[in-house]
Amino acid sequence: MRKLLYLTLSMALIAALTTYAMWAANRPVGHYLSDLRISLAVDQGTPADRGNLLGIQPELFPTDYQSPERLHRKLAAYLQKAQDQGLLNEKTIVVLPEHVGTWLMISGEKDELYQATTLKEAMNWLAVSNPLQFIRALISAEGGSRLDDAHLRMKAKKMARDYQALFGGLAKEFRITLVAGSIVLPEPSVSDGILKIGRGALYNSSVVFGRDGLPIGQPQRQMHPTFAGRDTVEANSEHTINVVDTPAGRLGVLIGSDSWYPDNYRKLDDQGAQLVAVPAFVVGRGSWDQPWRGYKGQSTPNSVSLKAGELSEGQAWHRLTLIAQPSGSQAIAGMSVFLRGQFWDKGSAGQSFLSSNGQHFAGGDARGARLLNLWL
């Protein structure tokens, strides 16, 4: 009788595990309808042979990441619209927002994840749908938030591969230089033209792709992660800033709040940077007009007199980013581009802007995707 009971329980367990494995493996791609429209919000300067900085402020949602092909379709539609308006040429540098690559972590998942109502629920579905990957990642997780670390680490190899294929492919397809926003990966590096990951800490990093679709230089790691991600994302303690050569001039990338530090602009000057790209992301719909929270737990630079609460989040970005360059800077122009959209219960609020000759030109807060163009 006992043997029969053990056999019955074993068979029931095997059946349950088999059913679970079949459920996790079955990932049909549902119907997809997305707004591919984009409007030109800012167009500064006069077309010349020096090229242009073109910011793409996309409006993205979880379903846009259901597959790399879907995200490609949307971003390619934006670029095609820019091309139709004469905004793409062999010297164009396109700037995408912070974390546009990070959300590749949800690519190829179950419908239940995309239909979740909160980010926490979506991450639970991510773990449940990838049990072995999640457990392995959780064992090696680091930092103060092991769950967040595991969620980001579990698909890192595929994320790096999809990131390069997608954004490198877009750069080659449209023959542009592309600042591919940012992506969170463990110790990313470029070797023999391939973006690879390591086994160490997670870094929020940006890769610049050339017109041939290959990375230019090494990934730029964020130096000053904001408090929201500090328990998971490591700061670039070496404070290295990479400046790369592009057809439009020498380009430096400052990710998010790295653009608030005057010393970073001095480092760009030391390397002869002429152009500055700032992929950015502000969490929380409406937070752009709320009081600025300061340097978010990090020390305020001595040369910055602003205090938390003195002005709004948006005003702080305009006071600190790009215009905060020291006098005599070699940089002639800059572009700060924000990710917009709704990821479950997490909205976004940043408003993209460009800088030229010490002036800012903003794209405004209208809904929908926006283009910002600056002729050099």
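Residues numbered from 1 in each chain as written. Predicted model: local features only at pLDDT ≥ 70, side-chain atom pairs only at ≥ 80, totals over all residues. Heavy atoms only, no water.

Looking up the protein chain in an unreviewed UniProt entry gives the name Carbon-nitrogen hydrolase family protein, with the organism given as Pseudomonas wuhanensis.

J.: What is the right way to look at the sheet that holds strand E13 (residues 249-253) in this model?
T.: Sheet strands pair by backbone hydrogen bonding; their relative direction is either parallel or antiparallel. Taken together, the six strands give an open sheet; going across it, the order is E12-E13-E14-E15-E18-E19, and neighbouring strands pair in mixed fashion. Every other strand in the sheet has two partners, leaving strand E12 (243-246) and strand E19 (359-362) as the edge strands with one partner each. Between one strand axis and the next, the sheet turns by 20° as a mean value, whatever way the strands run. With four bridges connecting them, E12 and E13 associate as antiparallel partners. Bridge pairing in E13 links Asp-245 to Arg-250. (Pairing = 2+ DSSP bridges. Helix = DSSP H or I, 4+ residues; strand = E, 2+ residues; numbered from the N terminus. Axes fitted to C-alpha atoms, helices over the stretch in contact; angles between N-to-C directions.)

J.: I'm lost on the packing of helix H2 (residues 68-84) against helix H7 (residues 156-174) in this one. Help?
T.: The geometry of H2 relative to H7 is characterised by a closest axis approach of 11 Å and an angle of 25° between their N-to-C directions. On the basis of the axis angle, H2 is roughly parallel to H7. For the pair H2 and H7, the crossing hand works out as right-handed. On the side of H2, the interface is formed by Pro-68, Leu-71, His-72, Leu-75, Ala-76, Leu-79, Gln-80 and Gln-83, while H7 contributes Asp-162, Leu-166, Phe-167, Leu-170, Glu-173 and Phe-174. Looking at the contact of H2 with H7 residue by residue, the class counts come to nine nonpolar, three polar and two charged. (Parallel < 35°, antiparallel > 145°, perpendicular 65-115°, else oblique. Left-handed = near helix turned anticlockwise from the far one by under 90°. Contact = heavy atoms within 4.5 Å. Nonpolar A, V, L, I, M, F, W, Y, C, P; charged D, E, K, R; others polar.)

J.: How should I be thinking about the sheet that holds strand E4 (residues 92-95) in this particular structure?
T.: Pairing is mixed in the open sheet, where six strands are placed in the order E1-E20-E2-E4-E5-E10. The open sheet has two edge strands, strand E1 (38-44) and strand E10 (208-209), and neither has a second partner. Two elements, strand E5 (residues 177-179) and E10, share two bridges in a ladder whose sense is antiparallel. Residue pairing in the sheet places Val-179 in a bridge with Val-208 of E10. Contacting E1, strand E2 (52-57), E4 and strand E20 (369-375), H2 runs over the sheet at an angle of about 140° to E2.

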